[in-house]
Amino acid sequence: MADSKLSSNGLSNKLSEGYLTENDWAGLKRYTDARIALGRAGTSIPTQAMLSFQMDHGNARDAVHLPLDVDKLCSELQDQAITPILLKSRAQGRTEYLQRPDLGRRLSVASAATLTSFAETIEPSMQACITIVDGLSSFAIQSHAANFFKQISLRLKEEGITQMPPCLVEQGRVAVGDEIGDILNAQLMILLVGERPGLSSPDSLGVYFTYKPKLGFSDANRNCISNIRPAGMSYEAAADKLIWLIKQSLQLDYSGVELKDQSDSIESLEEPKLGNFLLD
Amino acid sequence: MSYSISAGGNHWVFPDLKTVMAKASPDRSGDRLAGVAAQTSQERVAAQMVLADLPLKTFLTEALIPYEEDEVTRLIIDKHDQTAFRPISSFTVGDFRNWLLSDLADTTQLKNISLGLTPEMVAAVSKIMRIQDLILVAKKCSNPTAFRNRIGLPQRLSTRLQPNHPTDDPTGVAASVLDGLLYGSGDAVIGINPATDNISSVITLMKLLDDIIQRYDIPTQSCVLTHVTTHLEAINRGAPVDLVFQSIAGTEKANKSFGIDLAVLKEAHSAALSLNRGSCGDNVMYFETGQGSALSADAHFGLDQQTCETRAYAVAREFSPLLVNTVVGFIGPEYLYNGKQIIRAGLEDHFCGKLLGLPMGCDICYTNHAEADQDDMDMLLTQLGAAGVNFIMGIPGSDDIMLNYQTTSFHDALYIRKILGLRPSPEFEQWLIKMGITTEQGLLLDGLPAAFSHLQARIGG
């Protein structure tokens, strides 16, 4: 992101020099993702840094607004011999979805009916339901849902946990999993959702785990694993945490704030830090 | 009692005062989400007309949330200053707007009536004011405060340096602090949102910021924006606490959802005062607010979000804060949908807080799912600068990599100072000159200042 001084246009005129100031502390960029040492044009943000910001904002906006390509995701799941149940929330379109979170938390009447009749066809002993929800970033779901699904599905099998077919919800919020889990009488709701995109993390996936979900549950009833993406938490680390939470909840008979995540945190391999170098 | 008016060829009846207030509010998504917004444009103006004819003193007898049920209402009523109210006691809300806009209402008069105003009176008049009215009147209010420097003096604009980092990494935090200081930022506070509320990490951050302030003898204050009870624990453990932070809201129930009440705020205020760490003054509290927080906690009692927000300022006023920051666009599009709504809300909050006597600043911000962008923030920044805002945020390149939202950059603060001829806090301004960061005229100097040259080998490109 460093701005190099624009090449001289050949004029010897003083007016064409010194209009862009670089910062002598640019070496600190190694240690943080913050947009430090941007330099300045006058006192304003230089062109390249300004456009780089706009590109990141553009990506984040697209992640919110581009609709999930359901067909593409379904075909990726089909490659794993999985056919999801397609559902919709009560929100009609993105504009309403963004202003009415309450509508995104409930299934549409038609979807609830579809799911209710489906529920009659599954064996009562089935434990887990993985639900994929577009949430606030279709980009996150498009990028990670199929692969991450594969990973956790495998891990659940290893643990001997039985799985229902997954659900896929358009224009959904996290709490829509409560209604789905309630209708399916699921013991374990594992909900994959596109998180509110940050400027540098438009593809961040979140997992919300709820034990014996019921309509009307609050966020206090679930556990969240956040920031799953290549530059954040890996699929594997997230799956480890999830399985740890599931095993705990099966023993304790609950999930949520009372279930503290004490799984081993994985140390990240980062460049050695300087500590508070300002005190050197 | 109900209120009615014939206007626009229709007869409008509103069942009670809070309905008049809600329907008179300029359009915003949060009021629609709550189901209290006007259904039509005509209904909105009709409610505004009812409001304009309403005597100000109505708000002293008709509580929007019952006195018996809510300690914020009790605070508002019990602390109301009848003497300060007397000069305006015969006004309707409409008269009050006219008087505020008149040249009779100068800085001294506005200060004199401040304790005679309740949040509801101020919220009411804001609903019948245009953007330029909100700017003009706020500009006449002067509410300076002091701790280790003076903030909010005329023609001054301060910044909170916000060096947030996703893992509270000391190097990452220090890098943003240095970047900010060298861009002339940090005179309101160096204030960090910690990634965790864990007491030992919070104390580590408090020490980190305090060490920097002491090492470079910076006339500013530090704050770690953690829960008030965590501050109390940190103070008990001997941590260097300059300012105590807390998010506050306008109803007792909403404050309960934040895990606070007036008693715990009072306890924290006394504890911070007892440390006696200020050199210029003893304003030791830093509060944050924002429209929509009461609704989000299901604690709005059918009030519109702007009225709830203004009631939070009564809570703030009780504790003589150094800084009150309305974090206007953070809450998301279900409360403030787009740039237009965010801009209006930011100016309303600034106006209402200033009129009530508070040192108002604004986190001029938006999230990526709001219909807003940098252009909208530039407009709000420019308007708040014109309105005389005490402080804004300063963050590297507008990008908060921990909270994942966008607020004003160090560069943005330099822009608004430049176009409006605003300067930093006087003590901080002298420090910037002494350290070789700016010239006597306030212009940034090139290169790494001599006072930081010992760091060259560690931080160079």
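Residues numbered from 1 in each chain as written. Chains lettered and ligands numbered in written order. Predicted model: local features only at pLDDT ≥ 70, side-chain atom pairs only at ≥ 80, totals over all residues. Heavy atoms only, no water.

J.: Is there a simple way to explain the overall build of chain A in this structure?
T.: Counting secondary structure elements, chain A contains eight helices and eight strands. For chain A, the C-alpha atoms occupy an extent of roughly 80 × 45 × 35 Å along the three principal directions. A fraction of 68% describes how many contacts in chain A between residues 6 or more apart in sequence connect residues 24 or more apart. Put simply, chain A shows about 13300 Å² of open surface, and 51% of that area lies on carbon and sulfur atoms. (Helix = DSSP H or I, 4+ residues; strand = E, 2+ residues; numbered from the N terminus. Contact = heavy atoms within 4.5 Å. Areas by Shrake-Rupley, 256 points an atom, 1.4 Å probe, with all protein chains shown as cover.)

J.: For this particular structure, what's the right way to read the layout of surface pockets?
T.: Unfilled space is identified by rolling a water-sized probe across the atoms. Residues and elements named next belong to chain B. The computed volume of the second largest pocket comes to approximately 420 Å³. Every residue lining the second largest pocket is counted, 24 residues in all, and those nearest its centre are L115, R317, E318, L356 and G357. Counting only elements with at least two residues in the lining of the second largest pocket, the list comes to helix 5 (71–78), helix 8 (107–113) and helix 17 (305–317). (1 Å grid on protein atoms, 1.4 Å probe; cavity = no way out; pocket = protein on both sides within 12 Å on 5 of 7 lines; lining within 4 Å. Points joined across faces, edges and corners; volume = space filled by probe spheres on them.)

J.: What's the story with the sheet that holds strand 12 (residues 391–394) of chain B in this structure? I'm lost.
T.: As a general point, the strands of a sheet are linked pairwise by backbone hydrogen bonds and lie either parallel or antiparallel. Residues and elements named next belong to chain B. Taken together, eight strands build an open sheet; the order of strands is 7-6-5-12-11-10-9-8 and the sheet is parallel. Taken across any chain shown, the strands that pair with only one partner, and hence form the sheet edges, are strand 7 (222–224) and strand 8 (244–247). Across the sheet, the axes of successive neighbouring strands diverge by a mean angle of 25 degrees, strand direction being ignored. Pairing of strand 10 (residues 323–327) with strand 11 (residues 360–363) involves four bridges; the strand directions are parallel. Paired with T326 across the bridge in strand 11 is C362. (Pairing = 2+ DSSP bridges. Axes fitted to C-alpha atoms, helices over the stretch in contact; angles between N-to-C directions.)

J.: How should the side chain of T438 of chain B be read in this particular structure?
T.: Within the secondary structure layout, T438 of chain B lies in the loop between helix 21 (426–434) and helix 22 (456–459). Residues in contact with T438 of chain B, not counting those within four places in the same chain, are L432, I433, L443, L444 and L445 of chain B.

J.: Would you mind showing me how to read the interface of chain B and chain A here?
T.: Taken together, the contacts link 59 residues of chain B with 49 residues of chain A. Across the chain B/chain A interface, buried area totals approximately 4700 Å², and carbon plus sulfur atoms make up 57% of it. Where chain B packs against chain A, one counts four salt bridges. With a shortest N-O distance of 2.3 Å, R458 of chain B and D280 of chain A are connected by a salt bridge. Viewed at the interface, chain A and chain B are joined by 23 residue pairs in polar contact (both at pLDDT 80 or more). The element contributing the most residues to the side of chain B that touches chain A is helix 11 (residues 170–182) of chain B, with 10 residues. In terms of residue class, the side of chain B that touches chain A is built from 27 nonpolar, 20 polar and 12 charged. (Buried area = accessible area lost by both parts, 1.4 Å probe. Salt bridge = Lys/Arg side-chain N within 4 Å of Asp/Glu carboxyl O. Polar contact = N/O pair within 3.5 Å; in protein donor to acceptor, adjacent residues only side chain to side chain. Nonpolar A, V, L, I, M, F, W, Y, C, P; charged D, E, K, R; others polar.)

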